[in-house]
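Understanding the architecture of this molecule
For reference, the chains in residue letters:
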Amino acid sequence: MLKRIVCIAAAALTAFMSGCTAKKNKVSIDEVGDGLTIYSFQAGKADAELIYGDDWAVLIDCGEKGFGKHIVTYMEENGIKKLDYLIITHFDKDHVGGAAKVLRSCEVGAVLQSNSPKESDEYDNYLEELKNKDITPQTVREELSFTLGDAEFTVDPPKQEAYEKSPSNNSSLITEVSLGEVDMLFAGDAENDRLAEFTASNDKTYRFVKVPYHGHWQKQLKPFAEEIKADIAVITSSEDEPEDKETVDLFKKCGAEIFLTKTDSVIVKCDGKNIAGEYNS
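Rules behind the numbers
Residues numbered from 1 in each chain as written. Predicted model: local features only at pLDDT ≥ 70, side-chain atom pairs only at ≥ 80, totals over all residues. Heavy atoms only, no water. Phe/Tyr/Trp six-rings, centres within 6.5 Å; stacked < 30°, edge-to-face > 60°. Helix = DSSP H or I, 4+ residues; strand = E, 2+ residues; numbered from the N terminus. Buried < 20%, exposed > 50% of the residue type's maximum accessible area, 1.4 Å probe, protein only. Polar contact = N/O pair within 3.5 Å; in protein donor to acceptor, adjacent residues only side chain to side chain. Pairing = 2+ DSSP bridges. Axes fitted to C-alpha atoms, helices over the stretch in contact; angles between N-to-C directions. Salt bridge = Lys/Arg side-chain N within 4 Å of Asp/Glu carboxyl O. Contact = heavy atoms within 4.5 Å.

1. Points about the packing of aromatic side chains
- Scanning all chains against the criterion turns up 14 aromatic pairs.
- An angle of 25 degrees between the planes, with centres 3.9 Å apart, marks the rings of tyrosine 39 and tyrosine 74 as stacked. With tyrosine 39 in strand S1 (residues 36-40) and tyrosine 74 in helix H2 (residues 68-77), this residue pair connects regions lying 35 residues apart in the sequence.
- For tyrosine 39, a relative accessible area of 6% corresponds to the buried category.
- A ring pair is formed by phenylalanine 41 and tyrosine 74, whose centres lie 5.5 Å apart and whose planes are at 80 degrees; its orientation type is edge-to-face. With a gap of 33 residues between them, phenylalanine 41 in the loop between S1 and strand S2 (49-52) and tyrosine 74 in helix H2 connect regions that are remote in the sequence. For the residue pair phenylalanine 41 and tyrosine 74, the accessibility class agrees, reading buried in each case.
- A connected cluster of aromatic rings, assembled from ring pairs, spans Tyr39, Phe41, Tyr52, Phe67 and Tyr74.

Shown next as structure tokens:
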């Protein structure tokens with residue numbers, strides 16, 4: 001009996017020292033009640049995440065050029081008639097590429113964008129479609145919050161107007177979604193500088209995370225992952241440009257169930273208490 005107690009204590013100490021803690025009991029997606037759905041598209045090494053409830057929807061990024069049609073099709077198939085918000089985390093082609101198609105095909109209430117323009121045909125098409133729809137995007141430079149249904153959204157902007165290293169990725173907007181007892185995090189393509197500033201100011205844990213920068217390994221991922229302690233981690237990668245093993249191992253060590261969009265699209269459901277995910281197939 002004493003040996004068993006010592007082993008349990010040692011395991012608890014190991015978890016504490018690693019910066020990660022034990023997880024709540026896992027539930028299946030069928031056990032999760034009504035609340036919100038996160039649909040992470042299989043978009044290659046690109047981001048497109050649709051977050052929606054019964055009568056609201058938010059799209060974070062739009063994949064590459066040509067991918068907008070897949071987002072529009074999913075929305076039509078699931079009875080989603082309007083985007084309350086479109087959030088463009090930053091202006092790399094694999095995030096803004098499908099935006100023109102989405103804007104052209106869907107009713108969009110408001111557009112939130114990063115503060116760091118990056119010239120490309122995809123960016124120009126995005127600007128042209130905003131003009132056609134008479135939409136003035138809001139460049140987020142201060143923390144911005146809004147509520148849809150029972151879900152609370154907070155968009156965290158970059159702290160610098162420009163970054164010396166990886167200026168586009170480090171300008172990523174980071175979006176927090178809270179429903180009841182559950183907090184979820186979408187980290188764009190944040191690299192080391194952006195991750196460091198977010199981690200320094202953050203005091204919360206998150207049950208879900210969209211892992212930044214397609215799972216590329218970065219030194220600031222370790223304190224980031226150990227602090228947020230996610231149960232579910234989605235990595236947007238592809239067979240041609242896969243995630244780094246070090247990143248997968250880190251989030252697994254911190255207790256996360258890993259989903260890779262190179263395998264398939266990912267569905268996550270949350271009811272404010274429970275959260276669970278599965279592949280779309």
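2. Quick word on the side chain of serine 178
- Here serine 178 is to be found in strand S9 (residues 174-179).
- On the accessibility criterion, serine 178 (11% relative accessible area) is buried.
- A distance of 2.5 Å separates polar atoms of two side chains, one belonging to serine 178 and the other to aspartate 183.

3. A few points about the pairing of strand S3 (residues 57-60)
- With burial as the criterion, each face of S3 is covered, one bearing Ala57 and Leu59 and the other bearing Val58 and Ile60.
- Here 4 bridges tie S2 to S3, and the two strands are oriented antiparallel to one another. Note on S3: the bridge partner recorded for tyrosine 52 is alanine 57.
- Here S2 hands over to S3 after 4 residues, the two strands then running antiparallel side by side.
- Of the strand pairs in this sheet, S3 and strand S4 (residues 82-88) are connected by 3 bridges, and their pairing is parallel.

4. Points about the sheet that holds strand S13 (residues 257-260)
- Spatially, 7 strands are ordered S7-S8-S9-S10-S11-S12-S13 in an open sheet, and the strand pairing comes out mixed. What marks the edges here is a single partner per strand, and that holds for strand S7 (144-148) and S13. In this sheet, neighbouring strand axes are inclined to one another by 15 degrees on average, regardless of whether the strands run parallel or antiparallel.
- Pairing between S7 and strand S8 (residues 151-156): 5 bridges, direction antiparallel. The residue bridging leucine 148 from the neighbouring strand is alanine 151, located in S8.

5. Remarks on the pattern of salt bridges
- Counting across every chain of the model gives 15 salt bridges.
- In this structure, arginine 194 and glutamate 197 form a salt bridge, with 2.9 Å as the shortest nitrogen-oxygen distance. Of this pair, arginine 194 and glutamate 197 both sit in helix H6 (residues 192-201), separated by 3 residues, roughly a single helical turn.
- What makes arginine 194 buried here is its relative accessible area of 0%.
- With a relative accessible area of 15%, glutamate 197 lands in the buried category.
- Overlapping salt bridges bring together Asp156, Lys159, Arg194 and Glu197 as one network.

6. Digging into the environment of tryptophan 56
- Relative to the assigned elements, tryptophan 56 resides in the loop between S2 and S3.
- For the pair formed by tryptophan 56 and proline 157, sequence separation is 101 residues and the distance between their alpha carbons is 23 Å.
- Aside from chain neighbours lying at most four places away, what touches tryptophan 56 is Leu36, Ile51, Asp84, Leu148, Gly149, Ala151 and Phe153.

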